[in-house]
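# Reading the structure
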Amino acid sequence: MTLKKICCIGAGYVGGPTCCVLASKCPDITVTVVDISEARIKQWNSEKLPIFEPGLDDIVKQCRGKNLFFSTDVDKAIIEAELIFISVNTPTKTYGLGKGRAADLKHLESCARRIANVAQSSKIVVEKSTVPVRAAESITNILKANVKPNVKYQVLSNPEFLAEGTAIKDLCNPDRVLIGGERSAAGQEAIEALCWVYEHWVSKEKVITMNTWSSELSKLAANAFLAQRISSINAMSAVCEATGADVSEVSYAVGSDTRIGPKFLQASVGFGGSCFQKDVLNLVYLCDCLNLPECAAYWQQVIDMNEYQKRRFVNRIIECLFNTVADKKIAMFGFAFKKDTGDTRESASIYLSKYLMDEGAQLRIYDPKVEDSQIMRDLTAPNISENPERVDKLVSLFSDPYRAAEGAHAVVVCTEWDEFKTLDYQRIYNNMLKPASIFDGRMILDHEALHDLGFHVETIGKKITRGKVTRQFPSV
Ligand SMILES: NC(=O)C1=CN([C@@H]2O[C@H](COP(=O)(O)OP(=O)(O)OC[C@H]3O[C@@H](n4cnc5c(N)ncnc54)[C@H](O)[C@@H]3O)[C@@H](O)[C@H]2O)C=CC1
Ligand SMILES: O=C(O)[C@H]1O[C@H](OP(=O)(O)OP(=O)(O)OC[C@H]2O[C@@H](n3ccc(=O)[nH]c3=O)[C@H](O)[C@@H]2O)[C@H](O)[C@@H](O)[C@@H]1O
């Protein structure tokens, strides 16, 4: 089966880049990305795209208006497409049953209802959003309960594994593509149609097919395993600080075992991003619902350790600044949840800022990609601050890291942007209050050199001492 028209509902961090790469690799397919947000679609059709992702601009320029279209006309795109990706957000529920843990599937359900209402021909519906196990069954039930004559549906699970900041690279050269479907002739035909799309650029061995529930669960499992590695190394970082071991050395030694591998063993101020916490909580909730409390408690620890790491780091800042940060100026370098993205969802910086604001610190924030309005939205969100006017008083935003650090008591590196490695720290030191402290929450700076400039230096997972020669271990 070959396909001519594909539509994707949801023009976000996944739907946008995924469809851009799909359009560039499949010139024989017309790809239309639709969204209910007019503002987002307007940006996709403008010079300034709604998301920053290395390499994305070039692909959009190459395909937009040829076989790649962005539109708010959801119904038209559904009617015309043979295959529909659902790529809408599935955040943690903030109300009702499962509040704070379960995934909120209201957007997914609304897409299923819309497809059922407007479709006039058979469709393959592909769940690309991350969902709890058996969500495809709910989609199928909604579609089948509203089915029209001569319209048939097949629902597939095709979770996305891209990471922000490397999305284009990940999409062009994925480790694997996962497709789950129904074990029936019609199910197999739908699976083959989606395989055909991916095989335009992904080799056959990398396209893995399986049953729908395994595919849905594999996505949650993959994120849980990745998050667990970070929490494990972060737990080790606390042991390192208490013993004189160096977490980079421990990470290198542990990761050199080919059974363990070196990736995702970088200790940090805690993981952020829209998915790790959401998906692990989703798994915890699933385990609880399945009456597997020991499994739920096991995965909950991954989240608890992440929370502990953020708290621990802030407590150290406060301790080192003579047990009070009230009215002290603290320059925060980086607000995005990782480098090479402007995304701040669940960024550790938000929580570090919150805890420091709770102590009355004056924050001076700089990030090369995050919009000022986004920072203020994050810091005035109801779960972060009950008093937006206080946030206004405590927070200043800067477009230059040197200005942010001027007159500050401390610099805190929250995001591992490359540019922070090459700043003129002598200049920064000269313009700070003394003693000048630097807290490297990402372990990216040359700590001994900073120490020699006169800074009091603190980082994750090791004690900094003057003149100590440490081997630099490659981080992954
Ligand atoms: N952000 C990431 O790096 C990754 C995200 N995922 C998963 O992909 C899904 C989407 O995530 P993001 O793209 O980050 O979310 P996002 O919030 O950036 O984008 C979702 C888009 O869907 C739109 N939308 C919501 N309901 C709609 C409806 N009924 N009709 C049309 N449009 C609608 C929203 O307006 C929004 O623009 C989530 O389930 C997430 O867990 C999976 C892998 C990576
Ligand atoms: O489902 C998703 O949304 C995606 O979640 C993550 O991707 P992403 O959150 O974009 O970025 P990561 O590179 O995984 O980083 C997540 C967080 O962990 C932190 N991290 C990462 C690696 C590490 O060794 N240490 C560490 O603290 C990062 O700084 C960041 O805050 C996964 O890597 C993707 O495979 C997955 O598709």
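Everything numeric in this text was worked out from a predicted model, so none of it was measured.

## Focus on the site of ligand 1
Around ligand 1, the structure places 26 residues, and the nearest of them are Asp35, Arg40, Thr90, Glu164 and Lys278. Interatomic distance of 3.0 Å between a backbone N/O atom of tyrosine 13 and an oxygen atom of ligand 1. A distance of 2.8 Å separates an oxygen atom of ligand 1 from a polar atom in the side chain of arginine 40. Protein chains bury 92% of the 830 Å² of accessible surface belonging to ligand 1 in isolation. For the shell around ligand 1, the leading source of residues is helix 5 (residues 106-118), giving three residues. When the residues that make up the shell around ligand 1 are grouped by side-chain class, the tally is eight nonpolar, eleven polar and seven charged.

## Structural notes on the side chain of threonine 90
Checked against the element boundaries, threonine 90 lands in the loop between strand 4 (83-86) and helix 5. In this structure the side chain of threonine 90 is engaged in a polar contact, spanning 3.3 Å, whose partner is the side chain of lysine 278.

## Structural notes on the pairing of strand 8 (residues 207-211)
Within a regular beta strand, the side chains point alternately toward one face of the sheet and then the other, so they alternate between its two faces. Inspection of the sheet shows strand 7 (residues 177-181) paired to strand 8 by five bridges, in the parallel sense. Paired with isoleucine 179 across the bridge in strand 8 is threonine 209. In the classification by handedness, the crossover that spans strand 7, the intervening helix 8 (residues 185-198) and the parallel strand 8 is right-handed.

## Looking at the pattern of salt bridges
Taken as a whole and judged by the stated rule, the model has 23 salt bridges. Residues lysine 128 and glutamate 160 are paired through a salt bridge, measuring 3.0 Å at the closest nitrogen-oxygen approach. Remark: glutamate 160 occurs in the loop between strand 6 (153-157) and helix 7 (167-172) and lysine 128 occurs in the loop between strand 5 (123-127) and helix 6 (135-145); sequence separation between them is 32 residues. With respect to burial, lysine 128 and glutamate 160 carry one shared label: buried. Between aspartate 358 and lysine 354 there is a salt bridge; the shortest N-O distance is 3.4 Å. Of this pair, aspartate 358 and lysine 354 are both found in helix 13 (residues 348-358), four residues apart, which corresponds to roughly one turn of the helix. Note on lysine 354: relative accessible area 18%, which makes it buried.

## Things to note about the UniProt feature "active site" (unreviewed entry) in the protein
In the numbering adopted here, UniProt assigns the feature "active site" (unreviewed entry) to Cys275. Here cysteine 275 shows up in the loop between helix 10 (247-255) and helix 11 (276-289). Apart from residues no more than four positions distant in its own chain, cysteine 275 is found in contact with Asn223 and Val280.

## With respect to the side chain of serine 231
Within the element layout of this structure, serine 231 appears in helix 9 (residues 212-243). Once you skip the residues sitting within four places of it in the chain, serine 231 turns out to touch Phe271, Val302, Met305 and Asn306.

## Let's talk about the site of ligand 2
Taken together, 20 residues are adjacent to ligand 2, and Phe161, Leu162, Ser268, Cys275 and Arg442 come closest. In the model, an oxygen atom of ligand 2 is placed 2.8 Å from a nitrogen or oxygen of the lysine 219 side chain. Glycine 272 is positioned with one of its backbone polar atoms (N or O) 3.0 Å from an oxygen atom of ligand 2. When the free accessible area of ligand 2 is taken as 700 Å², the share hidden by the protein chains comes to 89%.

Parameters at a glance
Residues numbered from 1 in each chain as written. Chains lettered and ligands numbered in written order. Predicted model: local features only at pLDDT ≥ 70, side-chain atom pairs only at ≥ 80, totals over all residues. Heavy atoms only, no water. Near = heavy atom within 4 Å. Polar contact = N/O pair within 3.5 Å; in protein donor to acceptor, adjacent residues only side chain to side chain. Areas by Shrake-Rupley, 256 points an atom, 1.4 Å probe, with all protein chains shown as cover. Helix = DSSP H or I, 4+ residues; strand = E, 2+ residues; numbered from the N terminus. Nonpolar A, V, L, I, M, F, W, Y, C, P; charged D, E, K, R; others polar. Pairing = 2+ DSSP bridges. Right-handed = clockwise from strand over helix to strand, strands pointing away. Salt bridge = Lys/Arg side-chain N within 4 Å of Asp/Glu carboxyl O. Buried < 20%, exposed > 50% of the residue type's maximum accessible area, 1.4 Å probe, protein only. UniProt positions renumbered as here; feature names shortened; annotations may be inferred. Contact = heavy atoms within 4.5 Å.

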